[in-house]
4 protein chains.
Amino acid sequence: MMNHSEGRTGPNHAKVMGSFKGHALPGTFFFIMALWWSTKSILKYIFRKQKRTCPGSKALFRRAEILEGIVSVCMPPGMAGEQFIPGGPYWSLYKEGRWNQILGWHHFTMYLFFGLVGVSNILCFTINSLPVSLPKLMMSNALFVEAFIFYNHTHGREMLDIFVHQLLFLAVLLAAIVAFMEFLTRNNVLVELLRSSLILLQGTWFWQLGFVLYPLGGHPSWDLTDHENALFLTMCFCWHYLLALTIIGMNYAFITWFVKSRLKRLCPSEVGLLKNVEREQESEEEM
Amino acid sequence: MMNHSEGRTGPNHAKVMGSFKGHALPGTFFFIMALWWSTKSILKYIFRKQKRTCPGSKALFRRAEILEGIVSVCMPPGMAGEQFIPGGPYWSLYKEGRWNQILGWHHFTMYLFFGLVGVSNILCFTINSLPVSLPKLMMSNALFVEAFIFYNHTHGREMLDIFVHQLLFLAVLLAAIVAFMEFLTRNNVLVELLRSSLILLQGTWFWQLGFVLYPLGGHPSWDLTDHENALFLTMCFCWHYLLALTIIGMNYAFITWFVKSRLKRLCPSEVGLLKNVEREQESEEEM
Amino acid sequence: MMNHSEGRTGPNHAKVMGSFKGHALPGTFFFIMALWWSTKSILKYIFRKQKRTCPGSKALFRRAEILEGIVSVCMPPGMAGEQFIPGGPYWSLYKEGRWNQILGWHHFTMYLFFGLVGVSNILCFTINSLPVSLPKLMMSNALFVEAFIFYNHTHGREMLDIFVHQLLFLAVLLAAIVAFMEFLTRNNVLVELLRSSLILLQGTWFWQLGFVLYPLGGHPSWDLTDHENALFLTMCFCWHYLLALTIIGMNYAFITWFVKSRLKRLCPSEVGLLKNVEREQESEEEM
Amino acid sequence: MMNHSEGRTGPNHAKVMGSFKGHALPGTFFFIMALWWSTKSILKYIFRKQKRTCPGSKALFRRAEILEGIVSVCMPPGMAGEQFIPGGPYWSLYKEGRWNQILGWHHFTMYLFFGLVGVSNILCFTINSLPVSLPKLMMSNALFVEAFIFYNHTHGREMLDIFVHQLLFLAVLLAAIVAFMEFLTRNNVLVELLRSSLILLQGTWFWQLGFVLYPLGGHPSWDLTDHENALFLTMCFCWHYLLALTIIGMNYAFITWFVKSRLKRLCPSEVGLLKNVEREQESEEEM
């Protein structure tokens, strides 16, 4: 463990990703995207259950997908601004006989694959000849690549630094596997919400990483070699997941209430009737 | 291996979970729940096979589910009483510059997720707009979290202590995977019984853990560094599983006999006829 | 690696399982069973494809299943004769302050689970109320237990001894996973034949184990610490698998030819017609 | 790490596979095959979507499959020419008291299983009684065997040499798993293209291996013990995958354009109409 300082790519790295802000930024991105994805899944589920769509809702969904695609495509280059901040790699990969800020390039590669998800989203909802489940496959792909890179990201660091990145790896890998299941079994709302909650977990865990590795002024820094801290963070990870589940659950409750109260004004009797029939069939199936 | 005593969170821990009783309690809980779940699965299967339900059986099932939910919700706080017994953490997580009884908090976190299963059970069978397979997903979730925590639970202990916890981890992980399959493929009675038997295994293995780590007065204590003991416990784990399968099988035989004898009095000819027709179709399918 | 001799359960063990015969016996058992299972799968597939069964073939299959069950139940106790040969454990598990021949007891436990497959086979084809896919689940179970025990079986032995057991573990684990798939997706002949070929591989690999660990008189013994031997056995394992695939393929060709030539005499035109129709549909589906 | 030179099978090995050419050859083979497979999948998908096949296209596909089989069968023996080049094993497996060029024999074994895929391809499209998904199972098998051999291929080499082979192992294993999924879930074009792109990745990665381990004259050689290089190659692997996805995507665009422009001349109105109907149904399903 004596060579942990050599494992990092020099002091420059610390300025960019190796900071609280560098972890809070992707954390916030994943948090917002997970909320948006869960909202989309829940709305689709509710409309599907009532076996009718509001007039125009379909075109609305298509436009939302394209908008999501554009945001996904624009976000990564924005983040790739990391390339140009003072101390960034400035697109030079090999400098002075050694690799230049290889960990910064790792982050860039991850953003690239999330950008690809955006591209596939746009293509799939503008061009007709593409299979509709392509964006889900690309999402799973992007998560697998992210998991792969994080797995090979932490050579030679301190025990606790490696441990929190391993937990991040676990969250990303599980999200990737669930996203692949989503690709295979279409239209299962719970699988979609599970994926959203795992990405939410990833988002909040990025924040936790920031707090652990770069404690804000005033807070004492964590002892990165104390195994007690690893035991605490194990539990902390579960609490983050509990938080993610709670947020998704509250989102579900809110949207259901919102749609019901809004639709009731338009067509009160029909909706209730349809829901009961649907429910009856489902529990029939279950029994 | 010299630092195994430092790995524990001080002598206080031993008073709570680190005792025979602390392992026998959750063991008994899982044993009873597994019996109840297997009974429920078998009854549902028999009723489904006869393609009719006794009048009122459906309402009965729903009430049973809600009762199960209430028990699941109440049980964890009861167990969380561990917080308040002499030497417990009393809700303080950080004390005197170090984490306070972090392993006790681990147990508390596990109970929390099983409590969540109970909550989802109650919500799902009282509110109509929730997907009916939600409790199964939450069950799988709770088991995955339990497996995750047990995996990171035993740092710095003796070889045999780690080994028996690894076997526990294996049983919990397999139960979690099978529960997830149950969530994906609804109404396969054998998958449900497999999950029940793995949870039964977990229950009896908790007892075994108690006997190995905290031998009762009179019995000689186990040598925690002898690998021969690990070889014996490997085999012992299989025997526990055999016992679990036998118990589930006897439960199946008993319930089938009970339902048949009770229904025969009510409608003897019809039942036999229906069963044969059903059987014929199934083996048709098989051939 | 100095303690490899202590890892074994004393010299007595060598007399029983630790011999060429002790490996050849289960190898032959698995070889014969795999041939029988593949024959059964191929016959069922051919009959299913022609969408008719010879009169009486169904009763024949049922009787064959029960016979298979009886053989499976009888075989293990026969092998458990290992308990009573000179130097065997004679049912005593704990003797003179230490575990008595724990590795012999491991083998006994494996046989027990394969016996259980036989019991479930008999029960399932005599009693009507059991789900028909129960024996497949029990088969998968027995293979998982076997894999689990082999994984924990080789503590403290030589490198090559561990390596060949790891390959055995791999073959058994894959067979267990494929058997579980067979349980979930019924009536896929290729999955069934894949499982048979993996069990055939297990059978021939048992023989290879015998040759490597207990070379017959005249042959030079293997250097158990030379990694070159591990590289050779890696390749050898693939050749065994190739052999298994070839045997299953030849069995398929022989049975198809046999059924065709025998049925042609009875009803020549009908069979050919039906086969073509079936084939047409399948390739339609494929295209 | 001192014994890494003994781990290799002597200096002779370097002449055959241990060269740039020895890696470029299989790389090119996999690259071409992946392009061909993706083309086949895309064509089948387009024809299936339009719910009609050009007259004669079916016979064409069948002939293409048989041709592919013949190429697959011929290619490996061609490559097995490795046996007869100066310094090759010349079919002698054991020479002068040690294994003769065991790594060369490893390669031979891999080619053997790919040859088997070709054999099953030919058999399946000439003989009628075989299940049509047999070649897909054999393809998955061949990839699993390749992954297994690569996993046990690199004992005692340098860190970076092992690392790049591990990445190769990862690509092959993922391709094997996806090919198995393709076998289970027929006619999902995205799964087929995913498999093609993973095999394309394998092809280009073979080239990368050649460049890293046997740098061409003029280029400086890589430091095989520097972990920075491993971090770069991690990222490089993702770029290769990105390249593979791009190539497959461009192939998709080109074939769609080609088929559309060519069919438009023959039957312009019908095609467009059918496509829209199809699309409508699919997105209906999706919503």
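Residues numbered from 1 in each chain as written. Chains lettered and ligands numbered in written order. Predicted model: local features only at pLDDT ≥ 70, side-chain atom pairs only at ≥ 80, totals over all residues. Heavy atoms only, no water.

## Considering the overall build of chain A
Move 1: Along chain A, the regular secondary structure elements total ten helices and two strands.
Move 2: For chain A, the α and β elements follow one another from N to C terminus as α-α-α-α-β-β-α-α-α-α-α-α.
Move 3: Looking at the 287 residues of chain A, the share that counts as buried comes to 56%.
Move 4: Sequence-distant contacts, at least 24 apart, represent 76% of the contacts inside chain A between residues at least 6 apart.
Move 5: Entry remark: accessible area of chain A is about 12,600 Å², with carbon and sulfur atoms responsible for 68%. (Helix = DSSP H or I, 4+ residues; strand = E, 2+ residues; numbered from the N terminus. Buried < 20%, exposed > 50% of the residue type's maximum accessible area, 1.4 Å probe, protein only. Contact = heavy atoms within 4.5 Å. Areas by Shrake-Rupley, 256 points an atom, 1.4 Å probe, with all protein chains shown as cover.)

## Some words on the relation of the copies chain D and chain C
Move 1: With an RMSD of 0.0 Å, chain D superimposes on chain C once it is rotated by 90 degrees and translated 0.0 Å along the axis. Look at the turn and shift together and you get a four-fold axis relating the two. Scanning chain D for the C-alpha nearest the rotation axis identifies Thr185 of chain D, at a separation of 7.9 Å. (Least-squares fit on C-alpha atoms with pLDDT ≥ 70 in both.)

## A few points about the UniProt feature "transmembrane region" (unreviewed entry) in chain A
All names here are of chain A.
Move 1: Within the UniProt annotation, "transmembrane region" (unreviewed entry) is assigned to residues 20-39, 108-130, 162-185, 197-217 and 229-255.
Move 2: Taken end to end, residues 108-130 is 83% helix and 0% strand, and its first and last C-alpha atoms sit 28 Å apart.
Move 3: Segment residues 229-255 splits into 100% helix and 0% strand. End C-alpha atoms: 38 Å apart. (UniProt positions renumbered as here; feature names shortened; annotations may be inferred.)

## Details of the packing of aromatic side chains
Move 1: Enumeration over the complete set of coordinates arrives at 61 aromatic pairs over all chains.
Move 2: Among the aromatic residues, those joined into a cluster by ring pairs are Phe29, Phe30, Phe114, Phe150 and Phe206 of chain A.
Move 3: One cation-aromatic arrangement involves Arg195 of chain B over Trp37 of chain B; the distance from NZ or CZ to the ring centre is 5.1 Å. (Phe/Tyr/Trp six-rings, centres within 6.5 Å; stacked < 30°, edge-to-face > 60°. Lys NZ or Arg CZ within 6 Å of the ring centre and 35° of its normal.)

## Section: the side chain of Ser38 of chain D
Residue and element names in this part refer to chain D.
Move 1: As for its placement among the helices and strands, Ser38 is situated in helix H3 (residues 20-49).
Move 2: Residue classification places Ser38 among the buried residues on the basis of a relative accessible area of 0%.
Move 3: The contact partners of Ser38, leaving out residues within four places of it in the chain, are Leu193, Ser196, Ile248 and Asn251.

## Section: the interface of chain D and chain C
Move 1: Between chain D and chain C, the residue contacts involve 43 residues of the former and 37 residues of the latter.
Move 2: Regarding the contact of chain D and chain C, the summed buried area is about 3,700 Å², with carbon and sulfur atoms giving 67% of it.
Move 3: The three residues of chain D that bury the most area against chain C are Trp99, Ser129 and Phe148 of chain D, which together make up 17% of that side's buried surface.
Move 4: In this structure, the connection of chain D to chain C is made through zero salt bridges. (Buried area = accessible area lost by both parts, 1.4 Å probe. Salt bridge = Lys/Arg side-chain N within 4 Å of Asp/Glu carboxyl O.)

## Description of the packing of helix H6 (residues 134-151) of chain B against helix H7 (residues 159-184) of chain B
Residue and element names in this part refer to chain B.
Move 1: Packing of H6 against H7 brings their axes to within 8 Å, and their N-to-C directions diverge by 160 degrees. Judged by the angle between their axes, H6 and H7 are roughly antiparallel. Two packed elements cross with a definite hand, and for H6 against H7 that hand is left-handed. Taking contact as the criterion, the partners of Lys136, Leu137, Met139, Ser140, Leu143, Phe144, Glu146, Ala147, Phe150 and Tyr151 in H6 are, on H7, His165, Leu168, Phe169, Val172, Leu173, Ala175, Ala176, Ile177, Ala179, Phe180, Glu182 and Phe183. (Axes fitted to C-alpha atoms, helices over the stretch in contact; angles between N-to-C directions. Parallel < 35°, antiparallel > 145°, perpendicular 65-115°, else oblique. Left-handed = near helix turned anticlockwise from the far one by under 90°.)

## Some words on the interface of chain C and chain B
Move 1: The interface is formed by 42 residues belonging to chain C together with 37 residues belonging to chain B.
Move 2: At the boundary of chain C and chain B, one finds zero salt bridges.
Move 3: On the surface where chain C and chain B come into contact, there are four residue pairs in polar contact (both at pLDDT 80 or more).
Move 4: For the side of chain C that touches chain B, the secondary-structure elements that each account for two or more residues are helix H3 (20-49), helix H4 (57-79), strand E2 (98-99), helix H5 (102-126), helix H6 (134-151) and helix H7 (159-184) of chain C.
Move 5: Counting residues per element, the side of chain C that touches chain B draws most heavily on H5 of chain C, which supplies nine residues.
Move 6: Of the residues belonging to the side of chain C that touches chain B, the class tally is 23 nonpolar, twelve polar and seven charged. (Polar contact = N/O pair within 3.5 Å; in protein donor to acceptor, adjacent residues only side chain to side chain. Nonpolar A, V, L, I, M, F, W, Y, C, P; charged D, E, K, R; others polar.)

## Re the state of the cysteines
Move 1: Overall, the coordinates contain zero disulfides over all chains when judged by the stated rule.
Move 2: For Cys238 of chain A, which is in no disulfide, the shortest distance to another cysteine sulfur is to Cys236 of chain A and amounts to 9.2 Å. (Disulfide = S-S within 2.5 Å.)

## Quick word on the side chain of Asn251 of chain D
Residues and elements named next belong to chain D.
Move 1: Inspection of the secondary structure assignment puts Asn251 in helix H9 (residues 227-266).
Move 2: For Asn251, a relative accessible area of 13% gives the class buried.
Move 3: At 2.9 Å, the side chain of Asn251 forms a polar contact with the side chain of Ser38.
Move 4: Apart from residues lying up to four places away in sequence, Asn251 is in contact with Leu35, Ser38, Thr39 and Ile42.

## Some thoughts on the pattern of salt bridges
Move 1: Under the defined criterion, the tally for this structure stands at 28 salt bridges over all chains.
Move 2: The salt bridge involving Arg195 of chain B is made with Glu182 of chain B; its shortest N-O contact spans 2.8 Å. One end of the pair, Arg195 of chain B, is in helix H8 (residues 189-213); the other, Glu182 of chain B, is in helix H7, and 13 residues separate them in sequence.
Move 3: Across the pair Glu68 of chain C and Lys40 of chain C runs a salt bridge, and its minimum N-O distance is 2.8 Å. With a gap of 28 residues between them, Glu68 of chain C in helix H4 and Lys40 of chain C in helix H3 connect regions that are remote in the sequence. When sorted by exposure, Glu68 of chain C lands in the same class as Lys40 of chain C, which is buried.
Move 4: Beyond isolated ion pairs, a larger network of salt bridges with shared partners links Lys40, Lys44, Glu65 and Glu68 of chain A.

## Digging into the packing of H7 of chain C against helix H8 (residues 189-213) of chain C
Residue and element names in this part refer to chain C.
Move 1: The interhelical angle for the contact between H7 and H8, taken along N-to-C directions, is 165 degrees, at an axis separation of 9 Å. Relative to H8, H7 is oriented roughly antiparallel. Handedness of the H7/H8 crossing: left-handed.
Move 2: Across the contact of H7 with H8, the residue classes tally to 21 nonpolar, two polar and four charged.

## Some thoughts on H8 of chain C
Residue and element names in this part refer to chain C.
Move 1: With 25 residues, H8 extends 36 Å from end C-alpha to end C-alpha; this agrees with the ideal 36 Å at 1.5 Å per step.
Move 2: The buried fraction of H8 is high, at 23 of 25 residues.
Move 3: Measuring from the side-chain oxygen of the N-cap residue of H8 to the backbone nitrogen of Leu190 gives 3.2 Å; that N-cap residue is Asn188. (Expected span 1.5 Å × (residues − 1).)

## Focus on the confidence of the model for chain A
Residues and elements named next belong to chain A.
Move 1: Overall, the predicted model of chain A reaches an average pLDDT of 78, with 74% of residues at or above 70.
Move 2: Here residues 1-16 is a poorly scored stretch, pLDDT under 50, and it has 26 contacts once near neighbours within four places are set aside; other chains count.
Move 3: Within the model, the stretch residues 268-287 combines pLDDT values under 50 with 36 contacts to residues more than four positions away or in other chains.
Move 4: Interface confidence for the predicted complex, expressed as ipTM, amounts to 0.82; the pTM equals 0.86. (pLDDT = per-residue confidence, 0-100.)

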